[in-house]
Amino acid sequence: MSSAPQNIAALTDPDFLYQHSPCGHLSFDMTGKIHHVNQTFLQWTGLTKEECLNGDLTSLLTPGGVLYYQVVVNSLLHMHGLANEINFTFKSKKGNFDTLFYAVTHKNELGQVLIVNASVVRITDRKKYEAELLRARQEAEEERRKMEFLLGALPVMIWTALPNGDISYINQRIKDYFGDLSRDELGAFIGIVDEDRASFIESWTKCLATGDVLDRELRFKKPDGSLEWIGLKIEPYRNKEGAIEMWFGSCTSIHNKKMLQLANHSALTNHLSTAQQIIEQNKNQFNKIAFNQSHIIRKPLANIMGLIHLLDGEQMNEEGKLILQLLIDSAEDLDALITDIIR
């Protein structure tokens, strides 16, 4: 390859720009015969200019490209005079390369096509990127299918929601449980009984605003009209930046446990009520027994208090008087306590 000119004027010369454009350029007539080709295209194909000019356009294309040119591109050039972004694979001595092909026709006064000028943009790297992107997308789709299969196989109801709360996925268990309810109806929590739904929606709205976990026990209404206690939990899934990307919800039947809990609570309430009734019924008897027992206790207490008063008249030193006063106070406290018991 000849060295590039060393001045701006030569580098911007139209002929130099044509020959060394980053795109391949070629001119051919409607029979496919090539009349002109630039240096860039020759480098890509590994052909000499004479080899290109002695051939035609279809000789440079793969068999699939030849068929597409004859059926589609040739028709576009005849009908519309141009063809844009055609994906062609050209043959080369160094191996085939992928391109985007652009062409426009130039006609004479009679409307006959004189020449087709075409530009070829090499997209080998782009094709690799597209292939990698397609493979990654296929792998992501397969992972999604596996995850949905796993969620569908779980014995609990699973659903996901967008950050704003809109339902984005429901597993098969939910579809089986609620029957013909649509996703919008499920998003409005129509399946929750009226008595529980309003308070639940209020709690769910708060969680959407705060990002908190929601954990509730409530009743679901089945299509047959029966009710079932459900443990519902909704947790946010956050990305590395801490932003919520989705909500993950699960619903587990706790009906048997809840019914047993309610039965135990009812039984305990009944037992307490019965005990209260027994206490009320025997209150008078208890008071009578307490009154009788108080007289039995008061008798020795009265004797003690009488003896204390006899001692009060005796001559005592200061320590004896202090002890005597303590006996008097203790006796009076005991008498007051007995009085409180029998009231």
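Calculation notes
- Residues numbered from 1 in each chain as written.
- Predicted model: local features only at pLDDT ≥ 70, side-chain atom pairs only at ≥ 80, totals over all residues.
- Heavy atoms only, no water.
- Pairing = 2+ DSSP bridges.
- Helix = DSSP H or I, 4+ residues; strand = E, 2+ residues; numbered from the N terminus.
- Axes fitted to C-alpha atoms, helices over the stretch in contact; angles between N-to-C directions.
- Contact = heavy atoms within 4.5 Å.
- Buried < 20%, exposed > 50% of the residue type's maximum accessible area, 1.4 Å probe, protein only.
- Expected span 1.5 Å × (residues − 1).
- Bend = angle between axes of the 7 residues up to and from the residue.

J.: Residues and numbers for the sheet that holds strand S1 (residues 24–28), please.
T.: Strand order in this open sheet of 5 strands is S2-S1-S5-S4-S3, and the pairing throughout is antiparallel. The outermost strands of the open sheet, each flanked by one partner alone, are strand S2 (34–37) and strand S3 (82–90). The sheet shows a mean angle of 25 degrees between the axes of neighbouring strands, taken without regard to direction. Bridge count between strand S4 (residues 97–107) and strand S5 (residues 113–122): 9 bridges; the pairing is antiparallel. Pairing of valine 104 across the sheet is with asparagine 117, part of S5. Sheet strands in contact with helix H5 (residues 63–79) are S1, S3, S4 and S5, and its direction is about 170 degrees off that of S3.

J.: Tell me about the pairing of S1, and please be specific about residues and values.
T.: Of all the 5 residues making up S1, 5 are buried; the element is thus mostly covered by neighbouring parts of the structure. Examined bridge by bridge, S1 and S5 share 5 bridges and lie antiparallel to one another. Bridging from a neighbouring strand, leucine 26 pairs with alanine 118 of S5. Judged from the 3 bridges that link them, S1 and S2 form a sheet pairing that is antiparallel. Looking at S2, one finds that leucine 26 is bridged to valine 37. The hairpin formed by S1 and S2 contains 5 residues between the paired strands, and glycine 32 there has a positive phi angle of roughly 100 degrees.

J.: Residues and numbers for the sheet that holds strand S8 (residues 214–221), please.
T.: Overall, antiparallel pairing links the 5 strands, which are arranged S7-S6-S10-S9-S8 in an open sheet. Edge strands, defined here as strands with exactly one partner in the open sheet, are strand S7 (167–170) and S8. Pairwise comparison of adjacent strand axes, ignoring direction, gives a mean angle of 25 degrees for this sheet. When strand S6 (residues 157–161) meets strand S10 (residues 244–253), the two strands line up antiparallel, connected through 5 bridges. Each residue of the ladder has a partner; that of isoleucine 158, found in S10, is serine 250. Relative to the sheet, helix H9 (residues 194–210) contacts S8, strand S9 (227–238) and S10, its axis offset from that of S8 by approximately 150 degrees.

J.: I'd like to hear about H5, residue by residue, with values.
T.: Here H5 contains 17 residues, and its C-alpha end-to-end distance of 24 Å stays within 8% of the 24 Å for a straight helix at 1.5 Å per residue. Its axis deflected by about 45 degrees at tyrosine 69, H5 carries its strongest bend there. What H5 keeps buried is the set Gly65, Val66, Tyr69, Val73, Asn74 and Leu77. Positive backbone phi, approximately 80 degrees, marks glycine 81, located one or two places after H5.

J.: An account of unusual backbone geometry is requested, with residue identities and associated values reported.
T.: For glutamate 85, which is not glycine, the phi torsion reads 50 degrees and is therefore positive. Its location among the elements puts glutamate 85 in strand S3. Given a relative accessible area of 56%, glutamate 85 falls into the exposed group.

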